[in-house]
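Chain residues, written in single-letter form:
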Amino acid sequence: MSATTLPRHDRSATEVGLNSRLAVWPLLLLSALYASGYWLPAALEWPIAAGFFTTVIGGGVFLLLFFGYWLSRRSISRRERWLTFGALLLTLTVSVALSHPSMGVMMVVIYGLPVVCMAWGAALWLSNFLPAGRRMAVGIGVFVLLFGALDLLRSDGIDGNQRPSLHFRWTPTNEDLYQASRQGKASPTPDDKLAPLMAVAGDWTQFRGPNREGAVRGVKLDLDWTNHPPKLIWKQRIGPAWSSMIVVGDHLFTQEQRGDIEAVVCLNTATGAELWSHEDRARFFDGQAGAGPRATPTFQDGKLYTLGATGLLHCFEAANGKLDWTADISAESGAPQRMWGYASSPLVAAGIVIVHAGGKDDKGVLAYQADSGKLVWSFAAGNMSYSSPQLIEFDGQQQVLFFGDQGLNAVDPQTGTALWTYAAPGKSWRATQPRRLGPMQVYFGSEDLGSVVLDLHHEQGTWSATRSWSSKALRPAYNDVVVHDGSIYGFDNDRLCCIRAADGKRQWKDGRFGHGQLLLLADQPALLVVSEQGELALIACNPEQFQELGRLPAIEGKTWNHPTFAHGRLYVRNDSEIACFEPKRLDEEMASR
């Protein structure tokens, strides 16, 4: 027998790995790199889309390398490698089957599986001295323990930096608590004899207010929040939704989810009491943003127009909630359900109600007769967008602008005839409003494009658009900008930013508010900021430097909804709370003297 030849029984013992050890340090290194890369997008202030895809792709690469290393190691037996890997796949499959509906495959695989593998790597390092059978048992124990723990959790969505909000699955959600608070409470019976509502000065009748610009005019507030903070008038629970609010007189309109019911709600602005509601058996949910409608109601000539997350477009008598007509834009356009729901806040112009549907060919944007709900025109505007139509006048001509995944389009509001197009295709979502900068200039922005300004040209009835400048200094995601005195203010990732309207050069970037929203107090000037954490902040509208004037807690929880300001009161909401604040007004105080 050769000196290098093992007896048959010894060779078998080595092959089953009774005394073999694995070089574990590569697995620990991969785990450390993945863990550091998980926080990298937020630390480097990468755009939301980049952070999301980095999380998904980074996790996929980590898992491939981890499993590739484990399965290719000949220092341990093939039996141990494949039985342990099979046990991992089995426990993963069972975990997905038993997981809370809010978790599903995405959360368990994208977020849970890498964590399990990192823990397994650490367990291998600690148990490497054990025989193969016991080492396998340790690994399987890690799988059962961690996947089992994962099945005890539910996800309440993720924040703008892709961080999940996890809670024990048996604890009540904010939606559960809201539903419990409604038990035994019947919705008020609408009064059909109420006079039609009429808009008055100071109302906030559409998404982001007058002209959809997010600007408050004709009001001056006391900016000394240390001595005169805004007064809380009322606060209460509300069903989940990312809709904003509009105000007409003493009526506040918004949307919410009530279990399997999608509701349009009218509240009294003074007390928060419900005046009327309309309910549809519809529910939209996605694992990132959660449940509920996304669009904001629109008021025009006594009517209220709303779009639900599943595509139900309604027209109501605003005073009492009587339903005049309904259209299903999903069926009308043939478009599949949006990844994050239909989010187009209806635009009413020239007696036409205009919304984005995302259908193929010319079914991108749909327009209906405001009085009857009859489809009158449509045009191609791309399939993917969470922006809303915008009405702007250039050179005496009203135009409806829409920003989608193919670029910026402008059409005649009465006929839908195309006026001009600026091609800007991209794979990142488009969720912000275009807005006028000058007599013949328009601004639009997204994470992938940054900020872009176009010069419009109108000669002999023909329109065209050319780029004036573009800049990556401000990359708005779903946070709209405001414009004041030659400067553009908005959120670049989770920080407030100011750029020059003339050329896009950054003037400053400071203040971390998460992925919040803001309003312009145009007569002061100042910015009212609602942070992603539900705080209110007051920022000087100063292109020279960032200056925070005050901050206070307003509502609790992730806050992506746009704030509303009407008749001297500020309204904020998120997916669980709605509140009304009354800042001290200087203009009224001066007028009374």
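As the structure is a computational prediction, the values presented were derived from the model and not from experiment.

(A) Here's a closer look at the pattern of salt bridges. Counted by the stated rule, this structure contains 22 salt bridges. Residue Glu-213 pairs with Arg-217 through a salt bridge whose shortest N-O separation is 3.4 Å. The exposure class assigned to Glu-213 is buried, which follows from its relative accessible area of 18%. Assessed through its relative accessible area of 51%, Arg-217 is described here as exposed.

(B) How the structure looks around the nonpolar core. Core analysis: the biggest nonpolar cluster contains 33 residues, and Leu-22, Phe-67, Trp-70, Leu-88, Cys-117, Trp-120 and Phe-147 have the highest contact counts within it. Those elements giving two or more residues to this core turn out to be helix H2 (25-43), helix H3 (48-72), helix H4 (78-98), helix H5 (104-127), helix H6 (132-150) and strand E1 (153-158). No other element matches H5, which puts 9 residues into this core. Leave out the neighbours within four places in its chain, and Trp-70 touches Leu-22, Ile-76, Glu-80, Arg-81, Thr-84, Phe-85, Trp-120 and Leu-124. If you look at the next biggest cluster of nonpolar residues, it comprises 32 residues, including Ala-566, Tyr-571, Val-572 and Phe-581.

(C) How the structure looks around the packing of aromatic side chains. Within this structure, the stated rule accounts for 24 aromatic pairs. Relative to Trp-508, the ring of Tyr-489 has its centre 6.1 Å away and its plane inclined at 50°; by these criteria the two rings are tilted. Of this pair, Tyr-489 sits in strand E28 (residues 487-492) while Trp-508 sits in strand E30 (residues 506-512), and the two are 19 residues apart along the sequence. Three or more aromatic residues joined by ring pairs make a cluster, and in this case those are Tyr-34, Phe-62, Phe-66, Phe-67, Trp-70, Trp-82, Phe-85, Trp-120 and Phe-143. When the ring centre of Trp-560 is taken as reference, the NZ or CZ atom of Lys-558 above it lies at 4.2 Å.

(D) Representation of H4 in the model. Here H4 is 21 residues long and its end C-alpha atoms lie 30 Å apart, about the 30 Å a rise of 1.5 Å per residue gives. For H4, the complete set of buried residues consists of Glu-80, Arg-81, Thr-84, Phe-85, Ala-87, Leu-88, Thr-91, Leu-92 and Ser-95. Projected onto a plane normal to the axis of H4, the buried residues spread over an arc of 155° and lie on a single side. Within H4, the exposed residues directed more than 90 degrees away from the buried face are Arg-78, Arg-79, Leu-90, Thr-93 and Ala-97.

(E) Region of interest: the sheet that holds strand E3 (residues 215-216). The mixed open sheet is built from 5 strands, whose spatial order is E3-E31-E32-E33-E34. Two strands bound the open sheet, and with one partner strand each, they are E3 and strand E34 (548-553). Across 5 bridges, strand E31 (residues 517-521) lies against strand E32 (residues 526-530) in antiparallel orientation. Each bridged residue has a counterpart across the sheet, and for Leu-518 the counterpart in E32 is Val-529.

(F) Summary view of the environment of Gly-334. For Gly-334, the location among the structural elements is in the loop between helix H8 (329-333) and strand E15 (347-349). Note: C-alpha distance between Gly-334 and Lys-363 (29 residues apart in sequence) is 8.0 Å.

(G) Layout of the packing of H4 against H5. Relative orientation of the contacting elements H4 and H5 amounts to 145°, with a least axis distance of 11 Å. Our pair here, H4 against H5, has a crossing hand that is right-handed. In this structure, H4 uses Thr-84, Leu-88, Leu-92, Ser-95 and Val-96 to contact H5, whose residues at the interface are Val-105, Val-108, Val-109, Leu-113, Val-116, Cys-117 and Trp-120. Residues of the contact of H4 with H5, tallied by class, amount to 10 nonpolar, 2 polar and no charged.

The rules behind each value
- Chains are numbered independently. Their residues run from 1 in the order of the written sequence.
- Local features in this predicted model are restricted to residues whose pLDDT is 70 or higher, and side-chain atom pairs enter the listing and the counts only when it is 80 or higher, whereas totals over whole chains, interfaces and linings include all residues.
- By convention in this description, side-chain values take in all heavy atoms of the structure and omit both hydrogens and water.
- What counts as a salt bridge is simple: a side-chain nitrogen of Lys or Arg found within 4 Å of a carboxyl oxygen of Asp or Glu.
- Categorising residues by exposure relies on relative accessible area from a 1.4 Å probe, with only protein chains included: less than 20% of the type maximum marks a residue as buried, more than 50% marks it as exposed, and the intermediate range marks it as partly exposed.
- Nonpolar cores are built from buried Ala, Val, Leu, Ile, Met, Phe, Trp, Tyr and Cys residues. Side-chain atoms within 4.5 Å join them into one set.
- Helix and strand definitions follow DSSP, with helices as H or I runs of at least four residues and strands as E runs of at least two, each counted in order from the N terminus.
- By definition in these notes, contact holds between two residues if any of their heavy atoms fall within 4.5 Å.
- Pairing of aromatic rings covers Phe, Tyr and the six-membered ring of Trp, with a centre-to-centre limit of 6.5 Å; geometry is then stacked below 30 degrees between planes, edge-to-face above 60, and tilted otherwise.
- The criterion for a charge sitting over a ring is simple: Lys NZ or Arg CZ within 6 Å of the ring centre, and within 35 degrees of the ring normal.
- To estimate the expected span of a helix, count its residues, drop one, and scale the result by 1.5 Å.
- For this quantity, the arc is that covered by the directions from the helix axis to the C-beta atoms.
- Pairing between two strands is assigned when DSSP locates at least 2 bridges connecting them.
- Every angle, taken between N-to-C directions, lies between 0 and 180 degrees, and every axis is a line fitted to C-alpha atoms, over only the stretch in contact when it is a helix.
- By convention the crossing between two helices is left-handed if the near helix lies anticlockwise of the far one by an angle smaller than a right angle, and right-handed if it lies clockwise.
- Polar here means any residue other than Ala, Val, Leu, Ile, Met, Phe, Trp, Tyr, Cys and Pro, which are nonpolar, and Asp, Glu, Lys and Arg, which are charged; Gly is therefore polar.

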